[in-house]
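Single-letter residue listing:
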Amino acid sequence: MKRQLKYVCILCYFIFFTKPTVAQSIEKNEITFIKTGKLFDSENGKILTNYVIKIENNKITEVGKNSSIPENVKVIDLTEYTVLPGLIDGHTHLMSLDDFKDKHPMAEKVLFEGDALRVLRGANRARTWLEAGFTTVRDLGDSGPFLDVALKKAIDEGTTIGPRMFVSGPIIISEGGQVPGLLKSQRHVIEDEYTIVKNVDDAINAVRIHVNYGADIIKICANNSPNNTSLTMDEMKAIVKMAHRYNKKVTAHATTDLAVWEAVTAGVDGIEHGYQISDTTLTLMAKKGVALVPTDLTKPLLKKVLDIMDYKEDTDIATKGYKDRYQDRLQRAIKAGVTILTGSDNYIDLKMPQGEAAKNVLIAYEEEGMQPLDILRSSTYLSAKFMGKEDELGSIKEGAFADIIAVKGDIVYDFSSTMFNVVFVMKNGEIYIEKE
């Protein structure tokens, strides 16, 4: 009964106290045409010119070159810009914002913030992703007792504004979660934050719980750094088998080569982070079709994080060290034929809108030698394909949802500036940003 009352309170907060960005809705049965100058073909990684997009309600019904537009219909002229499918951030934590100066950042969320305030803050952060051009996110834990499911429902029903959400619920993990130094007597404080499993039977039932409460994807920790325990191979195999039974993909937090290898061998579909991966493990990933989500930072943001942490050594040297390792891993993964997806993992308070900070992951890949059109393909079509949604999301084609953005500039020769110059955002046929 207490849990039911708590969610009633959360819903009341959403209804009466949130102030979502006003969207321009397309009237039922209204037909809209968008004229493009340059159009990104995300499936093939090409730039097309002078195409027209026809939208009926919330779906794209036609995409053609120099198509005729009838009179007395709504026309949006984006011929001066580059038109793209809405971006997809494959690794977010909308319910989290940590201060790296805090020695116990989890305590703020788990002990003091409370579910209602946490969801409200998450809703506000979600809007910044949409305003940055991300029309879809995969939210992967750090979200309390399925609060991500609640926020997803609120966005879907129009109670608040944000990107489409594909959510994991609490991370399935071994003893202790990712909270170092937690006393055994206080173990209960993280029981809603993680789904802690002790054996294979626990692992199987954890998947059932997540599916029952609305998870779209299963997130596990192959190694739960900064703690040093991990799920066993048998536990991970059981999770994968049960998740696939319910047509849910499994993605694994894995930072060491051993953790990545074990997760891939156990049958996961994706690897998050993968900071240390050998060539042998990358070859195995490519062979098994396991995607990699590098959650890298740009040089300026790396330096900013080091400053926040009050790093005592030379930040330029430290930043170069991080970037060299990022670049080496990314380039070896590309060479091995591993599918690269984009994911920001942005949960750090960088004193800017989180969606804006998240956009920097695209620039980080460019710094590491990935080509702009390949980055955009990873952030649109390939990310949608990973979720089994390539016919609905990540592409501008007939039958897809009308998730469309436009940027001002040259995405090939001035990628960084252009991607931060978003002038138009449409999600599900509704316009949220129209600057010019």
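Residues numbered from 1 in each chain as written. Predicted model: local features only at pLDDT ≥ 70, side-chain atom pairs only at ≥ 80, totals over all residues. Heavy atoms only, no water.

Overview of the nonpolar core
The nonpolar side chains of soluble globular proteins are, as a tendency, buried together. One finds Ile220, Ile239, Val268, Ile271 and Met285 to be the most contacted residues of the largest nonpolar core, which totals 71 residues. Once residues within four sequence positions are removed from consideration, Ile239 is found in contact with Ile172, Ala203, Val207, Ile218, Ile220, Leu231 and Val250. Core analysis: the second largest hydrophobic core is formed by 18 residues, Ile55, Val83, Phe424 and Ile431 among them. (Core = buried A, V, L, I, M, F, W, Y, C linked by side-chain atoms within 4.5 Å. Buried < 20%, exposed > 50% of the residue type's maximum accessible area, 1.4 Å probe, protein only. Contact = heavy atoms within 4.5 Å.)

Overview of the pairing of strand 11 (residues 218-221)
Residues of strand 11 alternate between two faces, with Ile218 and Ile220 on one and Lys219 and Cys221 on the opposite face, all of them buried. When strand 11 meets strand 12 (residues 250-254), the two strands line up parallel, connected through 4 bridges. Its bridge partner lying in strand 12, Ile218 is registered against Val250. In terms of handedness, the path from strand 11 via helix 6 (residues 233-245) over to strand 12 forms a crossover that is right-handed. (Helix = DSSP H or I, 4+ residues; strand = E, 2+ residues; numbered from the N terminus. Pairing = 2+ DSSP bridges. Right-handed = clockwise from strand over helix to strand, strands pointing away.)

Regarding the sheet that holds strand 7 (residues 134-139)
Spatial ordering of the open sheet is given by 6-7-8, a layout of 3 strands whose pairing is parallel. Edge positions in the sheet fall to strand 6 (87-92) and strand 8 (164-167), since each has one partner strand and no second. Neighbouring strand axes in the sheet, compared pairwise and without regard to direction, differ in orientation by 20° on average. With 4 bridges joining them, strand 6 and strand 7 adopt parallel strand pairing. Considered in strand 7, the bridge of Leu87 is made with Phe134. The strands touched by helix 3 (residues 115-131) within the sheet are strand 6 and strand 7, with strand 7 carrying the most contacts at an inclination of about 130°. Here helix 4 (residues 147-156) sits on the sheet in contact with strand 7 and strand 8, set at roughly 155° to strand 8. (Axes fitted to C-alpha atoms, helices over the stretch in contact; angles between N-to-C directions.)

Observations concerning the pairing of strand 3 (residues 51-56)
Judged from the 5 bridges that link them, strand 1 (residues 31-41) and strand 3 form a sheet pairing that is antiparallel. In the sheet register, Lys35 faces strand 3, and the bridge partner there is Val52. Hairpin remark: strand 3 followed by strand 4 (residues 59-65), antiparallel, with 2 residues in the connecting loop; positive phi at Asn57, about 60°.

Comments concerning the packing of aromatic side chains
Applying the stated rule across the entire model yields 3 aromatic pairs. Within the aromatic cluster, the residues linked to one another by ring pairs are Tyr275, Tyr322 and Tyr326. Above the face of the Phe386 ring, Lys249 is positioned so that its terminal group lies 4.8 Å from the ring centre. Above the face of the Tyr322 ring, Arg325 is positioned so that its terminal group lies 5.1 Å from the ring centre. (Phe/Tyr/Trp six-rings, centres within 6.5 Å; stacked < 30°, edge-to-face > 60°. Lys NZ or Arg CZ within 6 Å of the ring centre and 35° of its normal.)

Overview of the packing of helix 3 against helix 4
Running from N to C, helix 3 and helix 4 cross one another at 50°; their axes reach a closest spacing of 10 Å. Put simply, helix 3 runs oblique to helix 4. Read as a crossing pair, helix 3 and helix 4 show a hand that is right-handed. Seen from helix 3, the contacting residues are Asp115, Arg118, Val119, Gly122, Ala123 and Ala126; seen from helix 4, they are Leu147, Leu151 and Ile155. Partitioning the contact of helix 3 with helix 4 into residue classes produces 6 nonpolar, 1 polar and 2 charged. (Parallel < 35°, antiparallel > 145°, perpendicular 65-115°, else oblique. Left-handed = near helix turned anticlockwise from the far one by under 90°. Nonpolar A, V, L, I, M, F, W, Y, C, P; charged D, E, K, R; others polar.)

Thoughts on the environment of Lys288
Counting through the fold element by element, Lys288 comes out in helix 8 (residues 279-288). Judged by its relative accessible area of 42%, Lys288 falls in the partly exposed class. Residues Lys288 and Leu140, spaced 148 residues apart in sequence, show a C-alpha to C-alpha distance of 22 Å.

Honestly, that's just the spatial picture; any functional story needs more than this.
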